[in-house]
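# Geometric and topological summary
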Amino acid sequence: MQVILIGFMGSGKTTIGQLLARTLATNHIDLDEFIMQKAQQSITEIFATKGETYFRQLEQLYLKQTLKLPGVLSTGGGTPIIAPNAALLARSKIPIVWLSTSIQTTFQRIQNDTSRPLVNDLDTTALIKLQKKRNPLYQSLANIIIPTDELTPQQIVAQIQRQLKLA
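All values reported here derive from a predicted model rather than from experimental measurement.

Summing up its helical and strand segments, the chain has eight helices and five strands in all. Across its three principal directions, the C-alpha atoms of the chain cover 45 × 35 × 25 Å. Counting only residues that meet the buried cut, the chain has 47% of its 167 residues in that class. Counted over contacts in the chain with a minimum sequence separation of 6, partners at least 24 positions apart contribute 73%. Positive and negative side-chain charges in the chain, numbering 17 and 11 respectively, have mean positions lying 10 Å apart.

On strand S5 (residues 144-147), burial follows the alternation: Ile144 and Ile146 on one face are buried, whereas Ile145 and Pro147 on the facing-out side are not. Pairing of strand S4 (residues 96-100) with S5, which is carried by four bridges, proceeds in the parallel orientation. When the sheet's bridge partners are listed, Trp98 is paired in S5 with Ile145.

The next point concerns unusual backbone geometry. Unusually for a residue other than glycine, Ala25 sits at a positive phi of about 55°. If you trace the backbone, Ala25 turns up in the loop between helix H1 (13-24) and strand S2 (28-30).

To continue, consider the pattern of salt bridges. Inspection of the entire model under this criterion finds two salt bridges. Glu52 is the partner of Arg56 in a salt bridge, and the nearest nitrogen-oxygen pair spans 3.1 Å. Of the two residues, Arg56 and Glu52 are both situated in helix H3 (residues 43-66); the distance of four residues between them amounts to about one turn of the helix. Residue Arg56 is classed as buried on the basis of its relative accessible area of 9%.

Among the nonpolar cores identified, the biggest contains 30 residues, and Ile4, Ile6, Ile35, Leu63, Leu67, Leu73 and Leu89 are the most heavily contacted of them. Elements with a minimum of two residues in this core: strand S1 (3-6), helix H2 (31-39), H3, helix H4 (83-91), S4 and helix H7 (124-141). Residue contributions to this core peak at seven residues, all from H3. Ignoring sequence-local partners within four residues, the contact set of Ile4 consists of Leu67, Leu73, Thr75, Leu89, Ser92, Ile94, Pro95, Ile96 and Val97. Grouped together as the second largest cluster of nonpolar side chains are 16 residues, Val97, Ile144, Ile146 and Ile160 included.

This part is about the sheet that holds S2. Strand order in this open sheet of five strands is S2-S3-S1-S4-S5, and the pairing throughout is parallel. The sheet terminates laterally at S2 and S5, the two strands that pair on one side only. Within this sheet the neighbouring strands show an average axis-to-axis angle of 20°, counted without direction. Bridge count for S2 against strand S3 (residues 72-74) is three bridges, and the pairing is parallel. Bridged to Asp30 within S3 is Ser74. Against the sheet, H7 touches S1, S4 and S5, its axis set at about 145° to S4.

Let us look at the pairing of S4. Burial analysis of S4 places five of its five residues in the buried class, which makes it a mostly covered element. The two faces of S4 match: Ile96, Trp98 and Ser100 on one face and Val97 and Leu99 on the other face are all buried. Sheet analysis places S1 next to S4, joined by three bridges and oriented parallel. Across the sheet, the residue bridging to Ile6 is Trp98, located in S4.

Definitions and limits used
- Residues numbered from 1 in each chain as written.
- Predicted model: local features only at pLDDT ≥ 70, side-chain atom pairs only at ≥ 80, totals over all residues.
- Heavy atoms only, no water.
- Helix = DSSP H or I, 4+ residues; strand = E, 2+ residues; numbered from the N terminus.
- Buried < 20%, exposed > 50% of the residue type's maximum accessible area, 1.4 Å probe, protein only.
- Contact = heavy atoms within 4.5 Å.
- Lys, Arg positive; Asp, Glu negative; His and termini not counted.
- Charge placed at Lys NZ, Arg CZ, Asp CG, Glu CD.
- Pairing = 2+ DSSP bridges.
- Salt bridge = Lys/Arg side-chain N within 4 Å of Asp/Glu carboxyl O.
- Core = buried A, V, L, I, M, F, W, Y, C linked by side-chain atoms within 4.5 Å.
- Axes fitted to C-alpha atoms, helices over the stretch in contact; angles between N-to-C directions.

Right under this line is the structure:
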């Protein structure tokens, strides 16, 4: 991996990961997509049929595998919240970029997204609390923090390239 993207759901990890990978002429791996391909189930189905604990076990297994591959990795919003995953990310020595979003921007982006199990299961207050709880962990892992609220995807990619000297 050349770059790892972390952040809360709706922060743009997949969009930015795809664009950054295209710009760098490398692979993009979305960890959630990778898990769905391997499990042959959607994240929502995995949560519904086997639970979050099972999903997090798969996530840890496939995180180990994807960290060895070339390219840009977009993690799931909850990937770093599990201690073994956070340790894997920290030990990887791969630059980690936190795509930081305000609570308002997060809700604009995810409010009608039924593919996110936590959006379906939690009310607005609980999601705000979850984002506030996760932000310090994202910050502790990040080599670079990019507030995304006022930026286009192209501007975010340009900032990542500039800060990591990838341009």
